[in-house]
Amino acid sequence: GYQRARYRFWHLTQELVVTGYMKQLYDWCEAHGALLTGHIVFEERLATQASASGAVMPHYEFLHMPGMDWLTRHIEPANTPLQVASVAHQLGKPRILSESFAGCGWNVTFEELKWMLEWQMVRGVTTLCQHLQGYSLRGIRKRDWPPSLFIQQPWWPDYRALNDAVSRVGMLLAEGRVAFDVLMLHPQSSAWLCYDADASEGMAALNDDFLAVTAALEGAHVPLHYGDERILRRYGRAEGARLRVGEQAYSVVVVPPCDTLASSTVALLDAFVAGGGTLLWVGRQPSLLEGEPSGELARLLGRGRRVADAAALPTALPPGARPISVAGADGREIADIAATWRTLPASLAGSDLRFYFLANQSVEAGYQASVRLPGAAAARLSIEDGALGRLPARR
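Attention in this report is confined to the structure presented alongside it. Since the model is a prediction, treat every value here as computed from it, not as a measurement. (Residues numbered from 1 in each chain as written. Predicted model: local features only at pLDDT ≥ 70, side-chain atom pairs only at ≥ 80, totals over all residues. Heavy atoms only, no water.)

Sheet topology places strand β7 (residues 236-239) next to strand β8 (residues 242-245); 4 bridges connect them, and they run antiparallel. What sits directly across from Gly236, in β8, is Val245. What sits between β7 and β8 in their antiparallel hairpin is a turn of 2 residues, with Gly240 showing a positive phi close to 65°. (Pairing = 2+ DSSP bridges. Helix = DSSP H or I, 4+ residues; strand = E, 2+ residues; numbered from the N terminus.)

Taken as a whole and assessed by the stated rule, the structure comprises 13 aromatic pairs. Seen from their ring centres, Trp10 and Tyr195 are 5.3 Å apart, and the 90° between their planes marks the pair as edge-to-face. With Trp10 in helix α1 (residues 2-31) and Tyr195 in the loop between α6 (188-194) and α7 (203-219), this residue pair connects regions lying 185 residues apart in the sequence. Relative to Phe150, the ring of Tyr135 lies with its centre 6.4 Å away and its plane at 90°, an arrangement referred to as edge-to-face. Of this pair, Tyr135 sits in the loop between β4 (127-130) and α5 (160-175) while Phe150 is found in the loop between β4 and α5, placing the two residues 15 residues apart along the sequence. (Phe/Tyr/Trp six-rings, centres within 6.5 Å; stacked < 30°, edge-to-face > 60°.)

A few words on the sheet that holds strand β9 (residues 248-250). The strand order across the open sheet built from 3 strands is β7-β8-β9, with neighbouring strands paired in antiparallel fashion. Two strands lie at the open edges of the sheet, namely β7 and β9, each paired on one side alone. Each neighbouring strand pair of the sheet contributes to a mean axis angle of 25°, computed without reference to strand direction. When β8 meets β9, the two strands line up antiparallel, connected through 3 bridges. Paired with Leu243 across the bridge in β9 is Tyr250. (Axes fitted to C-alpha atoms, helices over the stretch in contact; angles between N-to-C directions.)

Every buried residue belonging to helix α2 (residues 46-53) is among Leu46, Thr48, Gln49, Ala50 and Ser53, and all of these are buried. Those residues of α2 that are buried are in contact with α1, α3 (79-90), α6 and α7. Taken from the residues just after α2, Gly54 is the one with a positive phi, measuring 85°. (Buried < 20%, exposed > 50% of the residue type's maximum accessible area, 1.4 Å probe, protein only. Contact = heavy atoms within 4.5 Å.)

Turning our eyes to something else, we now look at the layout of surface pockets. Computed from the structure, the largest pocket encloses a volume of approximately 2,000 Å³. Taken together, 46 residues form the lining of the largest pocket, with Tyr356, Leu358, Ala379, Arg380 and Leu391 sitting closest to its centre. Taken together, the elements giving at least two residues each to the lining of the largest pocket come down to α4 (110-121), α5, β16 (337-344), α12 (346-349), β17 (353-360), β18 (370-372) and β19 (379-381). Broken down by element, the lining of the largest pocket gets its largest block of residues, 8 residues, from β17. Its residues assigned to classes, the lining of the largest pocket comprises 30 nonpolar, 6 polar and 10 charged. (1 Å grid on protein atoms, 1.4 Å probe; cavity = no way out; pocket = protein on both sides within 12 Å on 5 of 7 lines; lining within 4 Å. Points joined across faces, edges and corners; volume = space filled by probe spheres on them. Nonpolar A, V, L, I, M, F, W, Y, C, P; charged D, E, K, R; others polar.)

Let us look at the sheet that holds strand β2 (residues 65-70). The 4 strands lie next to each other as β1-β2-β3-β4, forming an open sheet whose pairing is parallel. Each of the sheet's edge strands pairs with one partner strand only, and the pair in question is β1 (37-38) and β4. Of the strand pairs in this sheet, strand β3 (residues 97-100) and β4 are connected by 4 bridges, and their pairing is parallel. Paired with Leu97 across the strands is Thr127, a residue of β4.

Here the structure, examined in full by the defined rule, presents 17 salt bridges. A salt bridge links Asp181 to Arg242; its shortest N-O distance comes to 3.4 Å. One end of the pair, Asp181, is in the loop between α5 and β5 (182-185); the other, Arg242, is in strand β8, and 61 residues separate them in sequence. Assessed through its relative accessible area of 34%, Arg242 is described here as partly exposed. (Salt bridge = Lys/Arg side-chain N within 4 Å of Asp/Glu carboxyl O.)

Let's shift gears to unusual backbone geometry. Among all residues save glycine, negative phi is the norm, and among peptide bonds the norm is trans. For the bond from His131 to Leu132, the omega torsion is 0°, close enough to zero to count as cis. Turning to its location among the elements, Leu132 is positioned in the loop between β4 and α5. For the bond from Pro146 to Pro147, the omega torsion is 20°, close enough to zero to count as cis. By the element assignment, Pro147 lies in the loop between β4 and α5. Of note in this structure, Thr72 is not a glycine but carries a positive phi near 65°. Considering the arrangement of structural elements, one finds Thr72 in the loop between β2 and α3. The phi torsion at Phe101 lies on the positive side, around 85°, for a residue other than glycine. The residue Phe101 is located in the loop between β3 and α4 in this model. Classification of Phe101 as buried rests on a relative accessible area of 3%.

Given below as structure tokens:
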């Protein structure tokens, strides 16, 4: 029966940290005309989230500009930007911050900086907080999480070109309207049941399954948001065949392998399925309700559709959930190319249109791709100077 105790302990811990810390800062800023931004420590893995804050996603409700941290020269895992972008989009927070480039080293290139930032931006980040700009490099400063992206660099006079380019993309991502069809439940409450310091039996498998389902959706170019159970409890409701979370409304809910759900989540999913919504269970279904056996869960587990594993998920989705295809000559989706889209209003773009942003995540391979999407005509935005150019397309 330890699962019940762990669930209640971490649920309480989460509530105390969110309401007793982050919400107090947010309320003070609201009262004093300030905007609160920043990031929550240890966002990357389910285990570290539990040990540091219970869960990171509930905190983003109480940041005016939710943010994340991205250390050193690498990409992956995708859950870090997706967690912050999901809550931001659901609660109508258009700007999403990333503190980036710390620890990338003095020899990092423009190409690598662009690669890391575009990997984040295609998952929702709009605003760059650069780590760091050193007023001085005396003493240990020279070796304190370099580089300094500032006057010490020989390329500092040319750095504006990169910043202007990514700022154009960030502005369009922030100003555009988001309307994705797929919501994936975040399994943090199941991580609470696993957490036991260095032991934490089952935690690694839970985290791997979570990332595998995410990768399967992204590899098939399915835009998605995560659903945090606390956010769902506060902002979720069933509207016929759609599940609304704040400003977003989803027609498909994916439940990754997990062990427990909150009673509020079960009631929400039950109403969503009853209204005609699509519910997909991937792999192992949960067996506990808030950490203990309960008959309330049984009816929901019998509804929806079961999918064997993450690899089988994309083909189980309804066609409308896949609004873009980026395929090679063999017709297969190119998983290295990540994609997202926004609707831009006529007030911003001159006419209503969709802005698609594609980013190649490979540093080794370039691709020739066929891109299929809804539309009447296409143009290419040059991010270097903001100009629009012809893009061959056929309807």
